Structure formats: structure tokens, C-alpha cells
Amino acid sequence: MSKQILRDSLAVRRLLEVNPSDLKDDVIAINRVTKVVKGGKNLSFSALVVVGDSHGHAGFGMGKAREVPMAIKKGIEQAKKNLIKLNLKGSTIPHQVTGWYGSAQVLLKPAPEGTGVIAGGPVRKVMQVAGIQNVLTKSLGTSNPHNVVKATFAALLGLKDAAQVAETRSKTVEEMTGRPAKAEKEKPVAATSEKAVEA
């Protein structure tokens, strides 16, 4: 996903019904920035924060201030504005997906129940606040936390469920998966049981 597409998708303010008391925040990185000016040096801090409700809603934000607590507070406020709803399948993701941002690349793969979150650093924190409990991940490319987080959200934005894909293709979910409906499966069983009774 290109930088412009990710910016555009996150720029859309989505009115999500999320209880503020359910939101959990986690600080991913804090950078100390020094700006050299005529009178000396100005010291400030920037904080990268992720926010989520552990039920499929997550967002990230960055705050800058002269003090660390204020930078974190600004980051949390921005992250709440960038909350997105994720297409999850139970406690994992519906399919494998890869997200790109700059030179960062993040691969996400669904995992069975009991696997846990196989991830490290920024990706793990995003998975935890989003409520994804079973997933396999691999971070490729740069280890810059800002780009890794954005690549992770680019991957999460690319998740689609079967109903959405079927609707765009004007097909049913059964036609997409190639599996017959449950009612069709039960018919032959009923027919064989009737033959058994007649015999």
C-alpha cells in the first residue's frame, strides 16, 4: 500500500461506536528530538501510541511536546481519531495479508486457536490492542517503529471477509468457496435413511 493511499484511508473520519472506557493505549516508541536554534538547543519529545478496544477496533497516533506525558496524551488523542474497524474471524484474521509502507513490510497469517500472538515489537502491541489473539507475523525490511506500525495497519486495512468479496462479485458465499449449502448436503442423507426404512 502506498503512503498516499494509507494517508487517504486514515484521513476519513469514521464514526465508530466505541466505548471510551474500553479503549486501551500502549506506547510503542518515544524519541527525544533536539532542535538547534540561535539561542541554544530546544529539547522536545515525540511519542508513537496505539489505541484499541480488544474487539476489532484499533488506531495509531503520534504526539509531540516538550514533556513526555504531554506527548503521550497528544498521541492518544490522535489515535482515537484514527480508529478503524478490522475484519476479524473469531480470535484471528480471515486470510493471509501483507502490508507495505516505505521500506517496511509486514506479513500476517491466520493461526489456529491456542497459537497466541507470534510477533515482536510494534506489531505485537498493535495485535494486542486490536484483540487478535492467534496470529503469525513476520516483519520484513526496516525496523523503524513508525513505518512498521503503518505497514501493519496497511495490512489490517487490506483484510476482507467472504461476504464482502461475494457481494462485490455478485455471488453467494457458497459459490465463492465452492462448497454446497448445508441444506443441499442434508438431502442425500435423508434419502438414504428413507431407503433404509423401506428395506
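Anything mentioned here points back to the structure above.
First things first, this report covers the structure right here in the doc. (Residues numbered from 1 in each chain as written. Predicted model: local features only at pLDDT ≥ 70, side-chain atom pairs only at ≥ 80, totals over all residues. Heavy atoms only, no water.)

Details of the sheet that holds strand β4 (residues 84-85)
Step number 1: Strand order in the open sheet made by the 4 strands is β1-β2-β3-β4, with antiparallel pairing throughout. Only two strands of the sheet have a single neighbouring strand rather than two, namely β1 (24-37) and β4.
Step number 2: With 8 bridges joining them, strand β2 (residues 40-52) and strand β3 (residues 57-65) adopt antiparallel strand pairing. If you follow Phe45 over to β3, its bridge partner there is Ala65.
Step number 3: Contacts from helix α2 (residues 68-81) reach β1, β2 and β3, with the element oriented near 145 degrees to β3.
Step number 4: Packed onto the sheet, helix α3 (residues 122-130) meets β1, β2 and β3 and runs at close to 135 degrees relative to β1. (Pairing = 2+ DSSP bridges. Helix = DSSP H or I, 4+ residues; strand = E, 2+ residues; numbered from the N terminus. Contact = heavy atoms within 4.5 Å. Axes fitted to C-alpha atoms, helices over the stretch in contact; angles between N-to-C directions.)

Digging into the pairing of β2
The two faces of the sheet receive side chains in turn, since in a regular strand these alternate between them.
Step number 1: Of the pairings in the sheet, the one linking β1 to β2 comprises 13 bridges and is antiparallel in character. Across the sheet, Arg32 pairs through a bridge with Phe45, a residue of β2.
Step number 2: Taking the residues between adjacent antiparallel strands as the criterion, β1 and β2 are bridged by 2 residues.

What to know about the environment of Gly114
Step number 1: Relative to the elements of secondary structure, Gly114 occurs in the loop between β6 (104-110) and β7 (117-118).
Step number 2: Looking at Gly114, the relative accessible area reads 70%, which means it is exposed.
Step number 3: For the pair formed by Gly114 and Val135, sequence separation is 21 residues and the distance between their alpha carbons is 9.8 Å. (Buried < 20%, exposed > 50% of the residue type's maximum accessible area, 1.4 Å probe, protein only.)

Some remarks on the nonpolar core
Step number 1: Judged by nonpolar contacts, the single largest core of 30 residues is most densely connected at Val50, Leu108, Val126, Met127, Val149, Phe153 and Leu156.
Step number 2: Mapped by element, the contributors of at least two residues to this core are β1, β2, β3, β5 (97-101), β6, α3 and α4 (145-157).
Step number 3: If you tally residues by element for this core, the top one is α4, at 6 residues.
Step number 4: Grouped together as the second largest cluster of nonpolar side chains are 11 residues, Val18, Ala47, Val49 and Val51 included. (Core = buried A, V, L, I, M, F, W, Y, C linked by side-chain atoms within 4.5 Å.)

What to know about unusual backbone geometry
Comment: phi is negative for the bulk of residues other than glycine, and the bulk of peptide bonds are trans.
Step number 1: If you check the backbone angles, Ser54 has positive phi at about 65 degrees while not being a glycine.
Step number 2: Turning to its location among the elements, Ser54 is positioned in the loop between β2 and β3.
Step number 3: Its relative accessible area of 24% is what places Ser54 among the partly exposed residues.

Focus: the side chain of Asn134
Step number 1: In this fold, Asn134 is placed in the loop between α3 and β8 (135-141).
Step number 2: Judged by its relative accessible area of 3%, Asn134 is buried.
Step number 3: Of note is the side chain of Asn134, whose polar atom sits 3.1 Å from the backbone nitrogen of Gly114.
Step number 4: From its side chain, Asn134 meets the backbone nitrogen of Thr115 in a polar contact 3.1 Å long.
Step number 5: Those residues in contact with Asn134, other than ones at most four positions away along the chain, are Ser91, Thr92, Ala111, Pro112, Glu113, Gly114, Thr115 and Gly116. (Polar contact = N/O pair within 3.5 Å; in protein donor to acceptor, adjacent residues only side chain to side chain.)

Thoughts on the environment of Lys64
Step number 1: Along the chain, Lys64 falls in strand β3.
Step number 2: Looking at Lys64, the relative accessible area reads 55%, which means it is exposed.
Step number 3: Residues Lys64 and Arg32, 32 residues apart in the sequence, show an inter-C-alpha distance of 9.8 Å.
Step number 4: Leave out the neighbours within four places in its chain, and Lys64 touches Phe45, Ser46, Ala71 and Lys74.

As for α2
Step number 1: Along its 14 residues, α2 runs 20 Å from first to last C-alpha, staying within 8% of the 20 Å computed at 1.5 Å per residue.
Step number 2: Buried positions along α2 lie against β1, β2 and β3. (Expected span 1.5 Å × (residues − 1).)

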